[in-house]
Amino acid sequence: MSLLAILPRSTAALLFLVHATTALDFLVMSSPSVSVQRGHTATLPCWVEPTQSAELLEVLWYHRNDVDLPVMRYSNKKVSSLSSYEGRVSFGSRGVTSGGLASGDVSLELVNVTLQDSGKYICSVSSDQIHDIAVVTLAVTGECGDNCENLL
């Protein structure tokens, strides 16, 4: 006899509800590298697989190996960022068909990219039971400006 068969209906329904809202096992995926010109916007792709909502997960983005200071933190449906990234980071979209957080897309959008933004970024995603990371390398190229003809 199954456990659900001997539990009162309200308890069985509550167990189902708790199970249904718990995050599934997941892996964090990313593209290995992104290249962008200084001053432009970069989207660092990162997502969870299999596809599921990331709205109840914790998402941390770190630059280089500085795991004490996340560039951006998403927790309890609130976003915060380091002061040096304030107004420059948000969740981006890894493609036109992305459903955003609701479909597990936790890509980082970084606007007005500087040369100092170059380097390794770590996308960290956690639930109560699961934690996984992916790494994306951002290459920022300088602009030659008015002196381009001198470089030919």
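Everything here concerns the structure above.
Please read all numbers here as calculations on a predicted model, not as lab measurements.

**Quick word on the sheet that holds strand E9 (residues 108-110)**
Whenever strands of a sheet pair, they do so through backbone hydrogen bonds, lying parallel or antiparallel.
Now for step 1: Strand order in this open sheet of three strands is E3-E9-E8, and the pairing throughout is antiparallel. What marks the edges here is a single partner per strand, and that holds for strand E3 (42-44) and strand E8 (89-91). Averaged over neighbouring strand pairs, the angle between their axes works out to 25° when direction is ignored.
Now for step 2: The pairing of E3 with E9 spans three bridges and is classified as antiparallel. Residue pairing across strands places Thr43 opposite Glu109, the latter belonging to E9.

**Let's talk about the pairing of strand E11 (residues 131-141)**
Now for step 1: Alignment of strand E2 (residues 33-37) against E11, held across five bridges, turns out to be parallel. Each residue of the ladder has a partner; that of Ser35, found in E11, is Ala139.
Now for step 2: Relative to E11, strand E10 (residues 119-126) is paired through eight bridges, and the arrangement is antiparallel. In the strand pairing of E11, Cys123 is matched with Ala134.
Now for step 3: Where E10 folds back on E11, the antiparallel hairpin that results is connected by four residues.

Cut-off values and rules
- Residues numbered from 1 in each chain as written.
- Predicted model: local features only at pLDDT ≥ 70, side-chain atom pairs only at ≥ 80, totals over all residues.
- Heavy atoms only, no water.
- Pairing = 2+ DSSP bridges.
- Helix = DSSP H or I, 4+ residues; strand = E, 2+ residues; numbered from the N terminus.
- Axes fitted to C-alpha atoms, helices over the stretch in contact; angles between N-to-C directions.

Read these as geometric descriptors, not functional statements.
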